[in-house]
Amino acid sequence: MLKDVLAKVGKKSGTIISEKTTAGILAGATIAHDCTGALSKIVKRRVHKKIFTSCWHVDNPKYFRISQISGMCQRQAVFFKLLGNVPVEIQQEIEFDAESRMSLGTSFHDYIQTTVLGPMGVLKGNWLCKECFVVHKDCFYPSKCSGCGHSSFQYEEYTLYNDEMLVCGHIDGILSKKRLAQLSMAKVIVVPVEFDRIENDELAVLEIKSTSSFGYQKILSSLEPPEYYKVQALFYQKALGLTETVFFYYDRDSGGVVSFSYKFEQELYDFYFGKMKYVLKCIEEKRLPEDKVCLTMKDGKKCNCPFVEMCFRKVGEELV
């Protein structure tokens, strides 16, 4: 249904995404006066492969990110919480492909939220007035700003916190299913949309994902997200008291889109809830979980883990 609704508003994403992605790629590049032959070389030299050494400070934040839960090394999580600031030198290598994919994904998220779903009136969230910067919270796209009367807004994602499990995360949005249903029956969508009276609206978490053609074909064949995305969706649903997530996938190679629903899975949620409870218990008792993700110290160094030396200490050595 979401895919069909978006098809009615035209295909404008290419231009907007292209402009933002190009701006990100060229940031920091020094271009000569005669750039006709030098531009590609300069860009390639600047962003094709950036290798740098940074100092990783563990700031001991109160919350773990929800995106970390499914692949979390429980021992690393305990180290993070117990050791506070630990300066560690890490050499990181960023490929041009990875950087451009992240830039494209960010631009596509913003386009769908701010330019498409927002003005269509189906996306609930926080809206920042582009003129006076007043934030209109927890609502659909405002008709005009209460502060200045302006009518153009930027979407701001929700941040959710779970104090029981000490996790937090950003959701892409909250969709009105009944508003979507009304739009799906319209032949042409003209914004701002005038909706019929809606009672007892049905809401769902929105998750926007961009992927390669290979990943997109896997999604098409199953209409089911990978488990690490399921875990994020489950915790978002639980925090908001909702039972459904709408996944919207974009093929960044071909431009294809597909959307589908994912319902709450209690058994899967309980499994990861138990893992987090175990981590928090180990933190409280100041002891390391028994299982290791890395079989050898060499494995830990490949992952740039700042705690690899401490993780492989002999039994009996103090943790803190």
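Treat the numbers as computed from the prediction; the structure is a model and nothing was measured. One numbering rule holds for all chains: residues counted from 1, following each sequence as written. Only residues with pLDDT of 70 or above have their local features reported here, since the model is predicted, and side-chain atom pairs are shown and tallied only from 80 upward, although totals for entire chains, interfaces and linings are computed over all residues. Just so you know, side-chain values use all the structure's heavy atoms and leave hydrogens and water out.

1. Let's talk about unusual backbone geometry
Our working definition: Buried residues are those whose accessible area, probed at 1.4 Å on protein chains only, stays under 20% of the maximum for their type, while exposed residues exceed 50% and partly exposed ones sit between those limits.
If you check the backbone angles, Asp-138 has positive phi at about 50° while not being a glycine. Relative accessible area serves as the criterion here: at 44%, Asp-138 is assigned to the partly exposed category. For Leu-223, which is not glycine, the phi torsion reads 50° and is therefore positive. Overall, Leu-223 belongs to the partly exposed group, its relative accessible area being 43%.

2. A closer look at the state of the cysteines
Selection rule: Note on disulfides: each one is a pair of cysteine sulfur atoms within 2.5 Å.
Tallying each qualifying case throughout the model produces 0 disulfides. Cysteine Cys-73 shares no disulfide, and the gap to the nearest cysteine sulfur, in Cys-311, comes to 6.0 Å. Take Cys-129: it sits in no disulfide, and the sulfur closest to it among the cysteines is that of Cys-148, at 3.6 Å. Residue Cys-129 is classed as buried on the basis of its relative accessible area, which comes to 0%.

3. Comments concerning the packing of aromatic side chains
Within a pair of aromatic rings, the relevant descriptors are the distance that separates the centres and the angle that separates the planes. The condition is simple: Only Phe, Tyr and Trp rings take part, Trp by its six-membered ring, and two of them pair if their centres are within 6.5 Å. Stacked means planes under 30 degrees apart, edge-to-face means over 60, and tilted covers everything else. Strands here are runs of E lasting at least two residues and helices are runs of H or I lasting at least four, both read from the DSSP assignment and numbered beginning at the N terminus. Comment: the charge-over-ring label is applied if NZ (Lys) or CZ (Arg) is within 6 Å of the ring centre and within 35 degrees of the ring normal.
Following the criterion strictly, the structure yields 17 aromatic pairs and no others. When the centroid spacing of 4.9 Å and the interplanar angle of 55° are considered together, the rings of Tyr-63 and Tyr-161 count as tilted. Taken as a pair, Tyr-63 in the loop between strand S1 (49–56) and strand S2 (64–65) and Tyr-161 in strand S7 (residues 158–162) lie far apart in primary sequence, 98 residues in all. With 4.9 Å between their ring centres and 65° between their planes, Trp-127 and Tyr-155 make a pair best called edge-to-face. Placement of Trp-127 in strand S4 (residues 123–129) and of Tyr-155 in strand S6 (residues 153–156) is noted, with a sequence separation of 28 residues between them. Neither Trp-127 nor Tyr-155 differs from the other in exposure class; each is buried. Joined through ring pairs, the aromatic side chains of Trp-127, Tyr-141, Phe-153 and Tyr-155 make up one cluster. Here Lys-81 stacks its cationic end above the ring of Phe-64, 4.8 Å away from the centre of that ring.

4. Topic: empty space enclosed by the protein
Keep this limit in mind: Two kinds of site are reported from a 1 Å grid over the protein atoms alone, namely cavities, where a 1.4 Å probe fits but cannot get out, and pockets, open sets with protein on both sides within 12 Å along at least five of seven lines, and residues are called lining when an atom falls within 4 Å of a point. Grid points are joined across faces, edges and corners, and a volume is the space filled by probe spheres set on the points.
Overall, the coordinates contain 1 cavity of 30 Å³ or more when judged by the stated rule. Roughly 40 Å³ of volume is contained in the largest cavity. In terms of lining, the largest cavity is formed by Ile-66, Leu-160, Tyr-161, Asn-162, Val-167, Phe-235 and Ala-239. Among the elements of the structure, S7 and helix H8 (227–240) are those that each provide at least two residues to the lining of the largest cavity. Examining the composition of the lining of the largest cavity, we find that 3 residues originate from one element, S7, more than from any other.

5. What about helix H6 (residues 177–184)?
Definition in use: In this description, the arc belongs to the directions extending from the helix axis to the C-beta atoms.
Among all positions in H6, only Arg-179, Leu-180 and Leu-183 are buried. The buried residues of H6 occupy an angular sector of 100° when projected down its axis, which confines them to one face.

6. With respect to the pattern of salt bridges
The cut-off we apply is this: By convention in these notes, a salt bridge is any Lys or Arg side-chain nitrogen within 4 Å of a carboxyl oxygen on Asp or Glu.
On inspection of all chains with the given rule, the structure shows 7 salt bridges. The closest approach of N and O atoms between Glu-244 and Lys-177, which form a salt bridge, is 2.6 Å. Of this pair, Glu-244 sits in strand S11 (residues 244–251) while Lys-177 is found in helix H6, placing the two residues 67 residues apart along the sequence. For Glu-244, a relative accessible area of 8% translates into the label buried. The salt bridge involving Arg-287 is made with Glu-285; its shortest N-O contact spans 2.4 Å. Among the residues examined, Arg-287 registers a relative accessible area of 29% and is labelled partly exposed. Classification of Glu-285 as partly exposed rests on a relative accessible area of 41%.

7. Some thoughts on the sheet that holds S2
For the record, the criterion: The pairing criterion for strands is at least two bridges between them, as found by DSSP. Whether two residues touch is decided by their heavy atoms; if any such pair falls within 4.5 Å, the residues are in contact. Lines are fitted to the C-alpha atoms to define the axes, a helix being fitted only along its stretch in contact, and any angle between axes, read from their N-to-C directions, falls within 0 to 180 degrees.
As summarised here, the arrangement of the 3 strands in space is S2-S8-S7, forming an open sheet in which the pairing is mixed. Every interior strand has two partners, whereas the edge strands, S2 and S7, have only one. Pairing between S2 and strand S8 (residues 167–171): 2 bridges, direction parallel. The residue bridging Arg-65 from the neighbouring strand is Cys-168, located in S8. Against the sheet, H8 touches S7 and S8, its axis set at about 95° to S8.

8. Some points on the layout of surface pockets
Quick note on the threshold: When residue character is reported, Ala, Val, Leu, Ile, Met, Phe, Trp, Tyr, Cys and Pro are called nonpolar, Asp, Glu, Lys and Arg charged, and the others, Gly included, polar.
A volume near 630 Å³ is recorded for the largest pocket. Taken together, 25 residues line the largest pocket, and the ones lying closest to its centre are His-109, Ile-208, Lys-209, Ser-210 and Tyr-229. Looking at the lining of the largest pocket, the elements that each hand over two or more residues are helix H5 (96–120), strand S10 (203–211), helix H7 (213–222) and H8. The class makeup of the residues in the lining of the largest pocket is 8 nonpolar, 9 polar and 8 charged.

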